[in-house]
Amino acid sequence: MKETQTIQNQTKNTQTTERMSGSEAIIKCLLAEGVDILYGYPGGAIMPVYDELYKYQDEIHHVLTRHEQGATHSAQGYARISGKVGVAIATSGPGATNLITGIADAQIDSTAMVCITGQVGSHLLGSDAFQETDIVGISTPVTKWNHQITKASEIPEVFAKAFYIAKSGRPGPVLIDITKDAQFEEFDFSYEKCTGIRSYKPVPNTNEKDLKAAAELINNAKKPMVIWGQGVILGEAEDQFKAVIEKAGLPSAWTILGASAIPSSHPLNVGMVGMHGNYAPNVLTNECDVLIAIGMRFDDRVTGNLATYAKQAKVVHFEIDPAEVDKNVKTDVAVLGDAKESLKALLPLLNKNSHSEWHQKFKDLYKIEFEKVIKNDLYPTKEGLTMGEVLKEINIQTNGEAAIVSDVGQHQMIACRYADFNTTKSNITSGGLGTMGFALPAAIGAKMAAPEREVVMIAGDGGYQMTIQELGTIFQQRVPVKIVVLNNEFLGMVRQWQQLFFDKRYASTEMVNPDFVAIARGYHIDAKKVSKRNELKDAVKEMIDCEGPYFLEVRVEKEDNVFPMIPTGASVSDIRLE
């Protein structure tokens, strides 16, 4: 309540007020925040807002998804490729609870999103009324902030605060729950964007002493190594990051959400770290003398066994969120602040360097990985198609400029490993939560946010079916997204673990699938299935050349595994190549 009063004090009416309903005020707030696309699903408790939306169809395009989870993932895809705030809307009860998976995904992956839910009338709160659910209580652990509105007069201040919190600092999802009577109630409306909240400091100040200490460690390092994450992209610090690593000659590896901050072909890009990352950066994490983490949070899939992770190295951590510093890995120097400003300030403090001998170690280990893994994935000699060669063909026919939206599983790791990312914001996937079903609706949002870009969705046959109903959204909206399903008739990643660690007991992982091509055609989407190598090139070309949406099913080897692989609980040095 004190924070709301603070906002009221900061944003005292400097504009002419206008008498209107709470529902119309919500639309006016969205317009003031630059919202042009809204993903959602109507219902009784949010119907007054939809009635107002009907009057504003020229200003805000509402996308009717086929499920509320699809609305959140579409909003995520929109936010991730555009850098704006994605917005989803739903009714109370099951409509609101269906948003939770997408909200949790956005929270752990730092995606700016505002979710709006209708609620029963304020006089019914706490009475177990029809479709009443305590969505504020349910969403509290997975939102950056949430608030329930029971009076129309609260709407401008709360919406201003919601958009500010969602986008500022480390981004995240915000939920606003609005009772039905507040949507009908009239009040004198005026709106002013929020520019600050007492006690909330989204970007900590960068300490010059810490910057100098970081620079000294980097300048004196013999075997430095960078691991960068999505913080570089969220902070729009790609140019500053590139300048820093090029001046100091720093071999740089990425987490999956950090991919595309610099091109895949950049000579200092040494590949992906983590469970299915590249051999060299994983092994050499435990040989470097200075480890520089930029905009990443030392997730367990990156570090493996913390007891053996980079113990020989001095650790420098550039981070916007103080809660992430020393949370998993103890740092020697922490540089708090916005990545763009921190790296800009770091650059003049660095000495020019090349570290040629150290770079050679990465190249030598890459050769080993190429012979044992990459060659078999991209240039197979066996009869069946591999997932890797499908990504290779997509790279060729899109010149590595496509935005790749991947689901979760083996295909996700293959997409991250082998897609060419030549443009920033090109790898859109579910990282921390690992949400199967993410890709199809996220691809819709990505393509609508960036219609000029080629958007290619990569999914497995399992995850695809979790949100397959969103083909209806593609059909109705005519979203020209390209859909690729790599079908191995298994829940592939789980099956791989069962093969390696459970003596091939394939418990509940084999899929009996429908006719995917017939389903796509049922939604009037052009579709094709291929299973032979000599069919692949022409099929991918047909997909890319198609002006509308296109579905391509590729039947791949049933029991192919994704390597390298770090077994759960193992050290990054124990990475397996087979």
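Residues numbered from 1 in each chain as written. Predicted model: local features only at pLDDT ≥ 70, side-chain atom pairs only at ≥ 80, totals over all residues. Heavy atoms only, no water.

(A) Expanded view of the overall build of the protein. Regarding its fold elements, the protein presents 24 helices and 20 strands. Here the protein has a C-alpha radius of gyration of 24 Å; the compact-globule value for 578 residues is 25 Å, and the two agree. Overall, the C-alpha framework of the protein stretches about 70 × 65 × 40 Å when taken along its three principal axes. Per-residue burial for the protein yields a buried fraction of 60% across its 578 residues. Long-range pairs, those at least 24 residues apart, make up 77% of the contacts in the protein between residues at least 6 apart in sequence. For the protein, the accessible area works out to roughly 22,800 Å², and carbon and sulfur atoms hold 50% of it. Here the protein contributes 58 positively and 72 negatively charged side chains, and the mean placements of these two sets differ by 5 Å. (Helix = DSSP H or I, 4+ residues; strand = E, 2+ residues; numbered from the N terminus. Rg over C-alpha atoms; globule rule 2.2 N^0.38 Å. Buried < 20%, exposed > 50% of the residue type's maximum accessible area, 1.4 Å probe, protein only. Contact = heavy atoms within 4.5 Å. Areas by Shrake-Rupley, 256 points an atom, 1.4 Å probe, with all protein chains shown as cover. Lys, Arg positive; Asp, Glu negative; His and termini not counted. Charge placed at Lys NZ, Arg CZ, Asp CG, Glu CD.)

(B) Summary view of the nonpolar core. In terms of nonpolar packing, the biggest core is built from 99 residues, with Leu291 and Val554 touching the most fellow members. Element by element, the count of residues in this core is highest for helix α16 (residues 356–378), at 6 residues. Non-local contacts of Val554, meaning those with residues more than four positions away in its chain, are made with Leu385, Val390, Val484, Val485, Leu486, Asn487, Val530 and Leu536. If you look at the next biggest cluster of nonpolar residues, it comprises 49 residues, including Ile103, Ala439, Ala446 and Val485. (Core = buried A, V, L, I, M, F, W, Y, C linked by side-chain atoms within 4.5 Å.)

(C) The packing of aromatic side chains, seen in detail. Applying the stated criterion to the full structure yields 12 aromatic pairs. Residues Phe187 and Phe189 carry aromatic rings whose centres are separated by 6.1 Å and whose planes lie at 85 degrees to one another, so their mutual orientation is edge-to-face. Overall, the relative accessible area of 8% leaves Phe189 in the buried class. Where Phe189 meets Tyr191, the ring centres are 6.4 Å apart and the plane angle is 15 degrees; that geometry is what we call stacked. Note on accessibility: Phe189 and Tyr191 belong to one class, buried. Ring pairs connect the aromatic residues Phe187, Phe189 and Tyr191, which therefore count as one cluster. (Phe/Tyr/Trp six-rings, centres within 6.5 Å; stacked < 30°, edge-to-face > 60°.)

(D) How the structure looks around the packing of helix α4 (residues 68–82) against helix α6 (residues 100–108). Running from N to C, α4 and α6 point in directions that differ by 25 degrees, and their axes come no closer than 7 Å. Classified by the interaxial angle, the pair formed by α4 and α6 is roughly parallel. Seen from α4, the contacting residues are Gln69, Thr72, His73 and Gln76; seen from α6, they are Thr101, Gly102, Asp105 and Ala106. Looking at the contact of α4 with α6 residue by residue, the classes come out as 1 nonpolar, 6 polar and 1 charged. (Axes fitted to C-alpha atoms, helices over the stretch in contact; angles between N-to-C directions. Parallel < 35°, antiparallel > 145°, perpendicular 65-115°, else oblique. Nonpolar A, V, L, I, M, F, W, Y, C, P; charged D, E, K, R; others polar.)

(E) Geometry of the pairing of strand β12 (residues 290–294). Burial runs high along β12: 5 of the 5 residues are buried. Of the two faces of β12, the one lined by Val290, Ile292 and Ile294 and the one lined by Leu291 and Ala293 are each fully buried. Pairing between strand β9 (residues 224–228) and β12: 5 bridges, direction parallel. Looking at the pairing, Met225 lines up with Leu291 of β12. Pairing of β12 with strand β13 (residues 314–319), which is carried by 5 bridges, proceeds in the parallel orientation. Counted as the bridge partner of Ala293 is His317 from β13. (Pairing = 2+ DSSP bridges.)

(F) Seen up close, the sheet that holds strand β19 (residues 526–530). With parallel pairing, the 6 strands of this open sheet are ordered in space as β16-β15-β17-β18-β20-β19. Edge positions in the sheet fall to β16 (427–429) and β19, since each of these pairs with one other strand and no more. The average undirected angle you get between the axes of adjacent strands in this sheet is 20 degrees. Where strand β15 (residues 403–406) lies against strand β17 (residues 455–460), 4 bridges are found, and the strand directions are parallel. By the bridge assignment for β17, Ile404 is matched with Val456. In the packing of helix α17 (residues 387–398) onto the sheet, the strands contacted are β15, β17, β18 (482–487) and β20 (550–555), and the crossing angle to β18 comes to about 160 degrees.

(G) Structural context of the domain arrangement of the protein. Domain boundaries assigned for the protein yield domain 1 (2–189), domain 2 (208–362) and domain 3 (383–555). With centres defined by C-alpha atoms, the gap from domain 1 to domain 2 works out at 37 Å. Residue-level contacts link 7 residues of domain 1 with 7 residues of domain 2. Buried surface at the junction of domain 1 and domain 2, summed over both partners, amounts to about 640 Å²; 52% is from carbon and sulfur atoms. Considering only the surface of domain 1 that becomes buried against domain 2, Arg80, Asp109 and Arg170 emerge as the three largest contributors, covering 63% of it. Our count for the domain 1 to domain 2 interface comes out at 2 salt bridges. The residue Arg170 makes a salt bridge to Asp321 at a minimum N-O spacing of 2.8 Å. Broken down by class, the residue content of the side of domain 1 that touches domain 2 amounts to 2 nonpolar, 2 polar and 3 charged. (Domains from an automatic or database assignment. Buried area = accessible area lost by both parts, 1.4 Å probe. Salt bridge = Lys/Arg side-chain N within 4 Å of Asp/Glu carboxyl O.)

(H) Representation of the pairing of strand β4 (residues 86–90). Counted residue by residue, β4 has 5 buried out of 5 residues, so it is predominantly covered. The side-chain alternation of β4 yields two buried faces, one formed by Gly86, Ala88 and Ala90 and the other by Val87 and Ile89. Examined bridge by bridge, strand β2 (residues 37–40) and β4 share 2 bridges and lie parallel to one another. From the neighbouring strand, Gly40 faces β4, where its bridge partner is Ile89. Taken together, the 5 bridges between β4 and strand β5 (residues 113–119) define a ladder with parallel strand orientation. Paired with Ala90 across the two strands is Thr117, which belongs to β5.

(I) Spotlight on the pattern of salt bridges. Overall, the coordinates contain 23 salt bridges when judged by the stated rule. Of the charged contacts in the structure, one is a salt bridge between Glu52 and Lys55, with a shortest N-O distance of 3.2 Å. Here Glu52 pairs with Lys55, and both are found in helix α3 (residues 47–55), just 3 residues apart, close to one helical turn. Using a relative accessible area of 9% as the deciding quantity, one classes Glu52 as buried. Judged by relative accessible area, Lys55 falls into the exposed class, the value being 54%. Note that Lys482 and Glu454 form a salt bridge whose closest N and O atoms lie 3.2 Å from each other.

(J) Spotlight on helix α24 (residues 533–545). Along α24, the residues classified as buried are Leu536, Ala539, Val540, Met543 and Ile544. One face of α24 carries all of its buried residues, which in axial projection span an arc of 130 degrees. Those residues of α24 that are exposed and aimed more than 90 degrees away from the buried face are Asn534, Lys537 and Asp538. Buried residues along α24 sit in contact with α17, β17, β18, β19 and β20. (Arc of directions from axis to C-beta.)

(K) Highlighting the environment of Gly271. The topology assignment puts Gly271 in strand β11 (residues 269–272). Of the residues examined, Gly271 reaches a relative accessible area of 9% and is grouped as buried. For the pair Gly271 and Ala248, spaced 23 residues apart in sequence, the C-alpha separation works out to 18 Å. Not counting residues within four places of it along the chain, the set of residues in contact with Gly271 comprises Ser252, Ala253, Trp254, Asn278 and Pro281.

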